[in-house]
Amino acid sequence: MSPTNIASDKGYTLIELVIVVAIVGVLSTLALRPFLFSMDDNSALYSSSEQLRNDLNRQHILALQSEKKQKLSFEIGHNYVSLYSENDTLDTWEVSSPIYLLADNITIVSTTLSDLQVVFDESGIPFEDPRSDLPSQINTPLTTTKSIVIQTSSGTQKILSIVPDTGYILVQ
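Residues numbered from 1 in each chain as written. Predicted model: local features only at pLDDT ≥ 70, side-chain atom pairs only at ≥ 80, totals over all residues. Heavy atoms only, no water.

**As for the nonpolar core**
Here is step 1: Leu-52 and Leu-56 are the most contacted members of the largest nonpolar core, which has 23 residues in total.
Here is step 2: Within the residue set of this core, elements represented by two or more residues are helix 2 (14–66), strand 1 (70–74), strand 2 (80–87), strand 4 (106–111), strand 5 (117–120), strand 8 (146–152) and strand 9 (157–162).
Here is step 3: With five residues, helix 2 is the single largest residue contributor to this core.
Here is step 4: Filtering out sequence-adjacent residues up to four positions away, Leu-56 remains in contact with Leu-72, Val-118, Phe-120, Ile-148, Leu-160, Ile-162 and Ile-169.
Here is step 5: Core analysis: the next-biggest nonpolar cluster, separate from the first, contains five residues, Tyr-84, Trp-93, Val-119 and Phe-127 among them. (Core = buried A, V, L, I, M, F, W, Y, C linked by side-chain atoms within 4.5 Å. Buried < 20%, exposed > 50% of the residue type's maximum accessible area, 1.4 Å probe, protein only. Helix = DSSP H or I, 4+ residues; strand = E, 2+ residues; numbered from the N terminus. Contact = heavy atoms within 4.5 Å.)

If you want it as structure tokens, here you go:
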């Protein structure tokens, strides 16, 4: 090969290939970013809805086992839930489990429960609590299915429904 033939060879240098691979990598990362974040939101939404369902079931079972009223309360626009147990000697509510948070990007956005809480009586029947500090004043059993809606920061929602009479919790 003569020196003139080497100069006329067409090809890519290593630097050019590295730059092309870097550009393709950046573009693919930007293209996949919404998909990756939606997976994070979906898994957080799923785990938070299961956590909330398990806590509703826990309060239901505790009411049956302890023969004391159990309450779960929450606030719209927040991501925390409070669990309470009846102190029947003082006719008050005691915190049965510390306030816990759902995932950071999950909030409770709405409910059909009138007072943002549900109480399970000694026989496991769900009641609406009239925001009373006195468990003895709980007297309104659920007559229709009530729901709690949780939502991710991207707007994806899950609905937890509490069935009257049985206290069964459905997640949709």
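What follows continues from the structure just given.
**Structural notes on the pairing of strand 5**
Here is step 1: Burial along strand 5 is two-sided: the residues Gln-117 and Val-119 and Val-118 and Phe-120 are all buried.
Here is step 2: The sheet contact formed by strand 5 and strand 6 (residues 126–128) spans three bridges and is antiparallel. Along strand 6, the bridge assignment pairs Phe-120 with Pro-126.
Here is step 3: The hairpin turn running from strand 5 into strand 6, its antiparallel successor, is five residues long, and Gly-124 in that turn takes a positive phi close to 85 degrees. (Pairing = 2+ DSSP bridges.)

**What about the sheet that holds strand 9?**
Here is step 1: Sheet architecture is open: four strands sit in the order 4-8-9-10, paired in antiparallel fashion. A strand with exactly one partner marks an edge of an open sheet, and here the two such strands are strand 4 and strand 10 (169–171). Recorded for the sheet is a direction-independent mean angle of 25 degrees between the axes of neighbouring strands.
Here is step 2: Alignment of strand 4 against strand 8, held across five bridges, turns out to be antiparallel. (Axes fitted to C-alpha atoms, helices over the stretch in contact; angles between N-to-C directions.)

**So, the confidence of the model for the chain**
Here is step 1: Averaged over all residues, the pLDDT of the chain is 86; the fraction at 70 or higher stands at 88%.
Here is step 2: Helix 1 (residues 3–8) is the least confidently modelled element of the chain, averaging 56 in pLDDT, while strand 9 averages 96, the highest of any element. (pLDDT = per-residue confidence, 0-100.)

**Overview of the sheet that holds strand 1**
Here is step 1: Strand order in the open sheet formed by six strands is 3-2-1-5-6-7, with antiparallel pairing between adjacent strands. Two strands bound the open sheet, and with one partner strand each, they are strand 3 (92–101) and strand 7 (140–141).
Here is step 2: Bridge count for strand 1 against strand 2 is five bridges, and the pairing is antiparallel. Looking at strand 2, one finds that Ser-73 is bridged to Ser-82.

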